[in-house]
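Residue-level structural notes
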Amino acid sequence: MTVYPIALVTQTFPPKKGGMEAVMASIADHLSCAGFEVSVYADKRCDSVGDYKFWSLEGLKWTRARRKRSLISKTFDQSGIFICDSWKSVAAIPSQATHIIVLAHGQEYLEAEKKYTRIRNALERAESIVCSSTYTQKLIDNNFSEFTSKTQVIYPCYMVESPKNLKQEANESSHLFSIVSICRIEKRKGLRNSAIALSRLLSTGYKFKWSIAGTGPDLEHLKALIRSLEMDNAVSILGRVNDYEKHSILCSADLFLMPSYQEGNSLEGFGISYTEAASYGIPAIAGIAGGAPEAVLDNQTGWCADGASVDSVLSAIKDSMDNPEKRLQFGKRASMRFNNVLAGSKAFEKLLETIKSIKEIK
């Protein structure tokens, strides 16, 4: 197979933690392992990278695109393929380059009219627009219908693979119901209303253990709310966890809880956390906004609830606790769907097909 040089032009990359950072790092690793000549042009320095070339350009943000464009012109073959983490990074690609793939996540297109010309100019240069969900694809189609033929959906699960040493099924008669939330702690993740819903269930005799992993701007508010609800004995706030700790948490979980909702222009474009739960055979309670209902299929692999409504979240949690057979069935379906559709290898296969369609690789 003849391979071509591929440049990842990105504002999101480790060491910063986040979904898109993980996506871009995983794409770089996958492409490098597949034999491509990979170069990464990022905004921040990263001391630990894979088997690929890496450049970073820090300093003044308003000059970064111009400086990055100059660096790319000097260090990368302009006939190669460029993959951008969003439409914003297209500005850093030299004008003579033509083979451009743009990743689209969702919320950056919610108020597209405010940046219409800039977005349109960026998408016009793209040969392919890879959307994180059908929801994201529809957002682009609604705002930039002239580019409909360029869009396709690849769920951004490149970094998620089947875990090793999976849990054994628990004895329902002696097992304390385990609920897990792993995410950036933001208001829109629905954890505040989840806390209120769970406190109501606790007051009526339901017993559970809720483990919350992650950090974020709403963490202190969530902690205060849990204290005010007198739920400290039922909730563990774990903060940031490493991969081993995350694996241990998920191995013991009965339910993944993150009923996200839209707050302003912030929403879940897809929800990689739901996919991680599915890889462990854990059913999830997701939201109904954005791409979340594509990550968790309502009444099939979990429940989709309105995260802005305590009653809606409570109903979903109660149903999951009251119906262990349904919950186990949802978990099995989630695992099956993960293996067939959502695994990282499946996502990369689709991305590779896109790359091949841009340049014929034999």
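The notes below deal with the structure included here. All values reported here derive from a predicted model rather than from experimental measurement. (Residues numbered from 1 in each chain as written. Predicted model: local features only at pLDDT ≥ 70, side-chain atom pairs only at ≥ 80, totals over all residues. Heavy atoms only, no water.)

Now for the packing of helix 5 (residues 191-203) against helix 10 (residues 310-322). Helix 10 packs onto helix 5 with a crossing angle of 55° between their chain directions and a minimal axis gap of 9 Å. The angle between helix 5 and helix 10 places the two elements in the oblique class. Between helix 5 and helix 10 the crossing geometry is right-handed. Contact with helix 5, carried on its side by N193, S194, I196, A197, L198, R200 and L201, involves V310, D311, V313, L314, I317, K318 and M321 of helix 10 and no other residues of that element. Considering only residue class, the contact of helix 5 with helix 10 consists of nine nonpolar, two polar and three charged. (Axes fitted to C-alpha atoms, helices over the stretch in contact; angles between N-to-C directions. Helix = DSSP H or I, 4+ residues; strand = E, 2+ residues; numbered from the N terminus. Parallel < 35°, antiparallel > 145°, perpendicular 65-115°, else oblique. Left-handed = near helix turned anticlockwise from the far one by under 90°. Contact = heavy atoms within 4.5 Å. Nonpolar A, V, L, I, M, F, W, Y, C, P; charged D, E, K, R; others polar.)

On to the packing of aromatic side chains, then. Taken as a whole, this structure holds 10 aromatic pairs when the rule is applied. Geometrically, the ring pair formed by F76 and F82 is edge-to-face, given 5.1 Å between the ring centres and 65° between the ring planes. Considered together, F76 and F82 belong to a single accessibility category, that of buried residues. Ring geometry for F256 and Y274: centres 6.1 Å apart, planes at 85°, overall edge-to-face. In this pair, F256 sits in strand 11 (residues 255-257) while Y274 sits in helix 8 (residues 272-279), placing the two residues 18 residues apart along the sequence. Residue Y274 is classed as buried on the basis of its relative accessible area, which comes to 1%. A network of ring pairs unites the aromatic residues Y41, W55, F76 and F82 as a single cluster. (Phe/Tyr/Trp six-rings, centres within 6.5 Å; stacked < 30°, edge-to-face > 60°. Buried < 20%, exposed > 50% of the residue type's maximum accessible area, 1.4 Å probe, protein only.)

Moving on: empty space enclosed by the protein. Per the stated rule, a full pass over the model turns up three cavities of 30 Å³ or more. Within this model, the largest cavity holds a volume of roughly 70 Å³. Y274, A278, I282, P283, A284, A295, V296, T301, A334, R337, F338 and L342 are the residues that line the largest cavity. It is helix 11 (residues 324-342) that contributes the most residues to the lining of the largest cavity, four residues altogether. Among the residues making up the lining of the largest cavity, the classes are represented as 10 nonpolar, one polar and one charged. Taken as a whole, the second largest cavity holds about 60 Å³ of empty space. For the lining of the second largest cavity, the secondary-structure elements that each account for two or more residues are helix 1 (19-33), strand 5 (99-104) and strand 6 (128-131). (1 Å grid on protein atoms, 1.4 Å probe; cavity = no way out; pocket = protein on both sides within 12 Å on 5 of 7 lines; lining within 4 Å. Points joined across faces, edges and corners; volume = space filled by probe spheres on them.)

What follows deals with the sheet that holds strand 11. Taking strand neighbours across the sheet as the criterion, the six strands line up as 10-9-8-11-12-13 in an open arrangement whose pairing is parallel. The sheet terminates laterally at strand 10 (235-239) and strand 13 (302-304), the two strands that pair on one side only. On average, adjacent strands in this sheet sit at an angle of 20° to one another, irrespective of strand direction. Across four bridges, strand 9 (residues 209-213) lies against strand 10 in parallel orientation. Pairing of A213 across the sheet is with G239, part of strand 10. Packed on one face of the sheet, helix 6 (residues 219-228) meets strand 9 and strand 10 and runs near 165° to strand 10. Relative to the sheet, helix 7 (residues 243-251) contacts strand 8 (178-182), strand 9, strand 10 and strand 11, its axis offset from that of strand 8 by approximately 145°. (Pairing = 2+ DSSP bridges.)

Glancing now at the sheet that holds strand 6. Sheet strands pair by backbone hydrogen bonding; their relative direction is either parallel or antiparallel. The seven strands lie next to each other as 3-2-1-4-5-6-7, forming an open sheet whose pairing is parallel. The strands lining the two open edges of the sheet, one partner per strand, are strand 3 (53-56) and strand 7 (151-153). The mean angle between the axes of side-by-side strands here comes to 20°, regardless of whether they run parallel or antiparallel. Across four bridges, the pairing between strand 2 (residues 37-42) and strand 3 is parallel.

With that settled, consider the pattern of salt bridges. Opposite charge on two side chains permits them to pair, given that their charged atoms come into close proximity. Within the structure shown, the criterion is met by 17 salt bridges. The salt bridge partner of E146 is R120, with a shortest N-O separation of 3.0 Å. Residue E146 is located in the loop between helix 4 (134-143) and strand 7, and its partner R120 is located in helix 3 (residues 116-125); the two are separated by 26 residues in the primary sequence. Classification of E146 by relative accessible area gives partly exposed; the value is 37%. Between K187 and E263 there is a salt bridge whose closest N-O contact spans 3.7 Å. In this pair, K187 sits in the loop between strand 8 and helix 5 while E263 sits in the loop between strand 11 and helix 8, placing the two residues 76 residues apart along the sequence. (Salt bridge = Lys/Arg side-chain N within 4 Å of Asp/Glu carboxyl O.)

Before going further, it helps to spend a moment on a positive patch on the surface. Together, K16, K44, K61, K88, K115 and R118 give the surface a local cluster of positive charge. Structurally, the position occupied by K61 is in helix 2 (residues 61-75). (Patch = residues over 30% accessible without salt bridge, like charges linked within 9 Å, V, L, I, M, F, W, Y side chains within 5 Å. Areas by Shrake-Rupley, 256 points an atom, 1.4 Å probe, with all protein chains shown as cover. Lys, Arg positive; Asp, Glu negative; His and termini not counted. Charge placed at Lys NZ, Arg CZ, Asp CG, Glu CD.)

This part is about the pairing of strand 6. Consecutive side chains of a regular strand alternate in pointing toward one face of the sheet and then the other. Residues S128 and V130 of strand 6 are buried on one face, and the alternating residues I129 and C131, pointing to the opposite face, are buried as well. The sheet contact formed by strand 5 and strand 6 spans four bridges and is parallel. Across the sheet, I101 pairs through a bridge with S128, a residue of strand 6. Crossover connection from strand 5 via helix 3 to parallel strand 6: handedness right-handed. Pairing analysis gives three bridges linking strand 6 to strand 7, with the strands arranged parallel. In the sheet register, V130 faces strand 7, and the bridge partner there is Q152. The parallel pair strand 6 and strand 7, bridged by helix 4, forms a crossover whose chirality is right-handed. (Right-handed = clockwise from strand over helix to strand, strands pointing away.)

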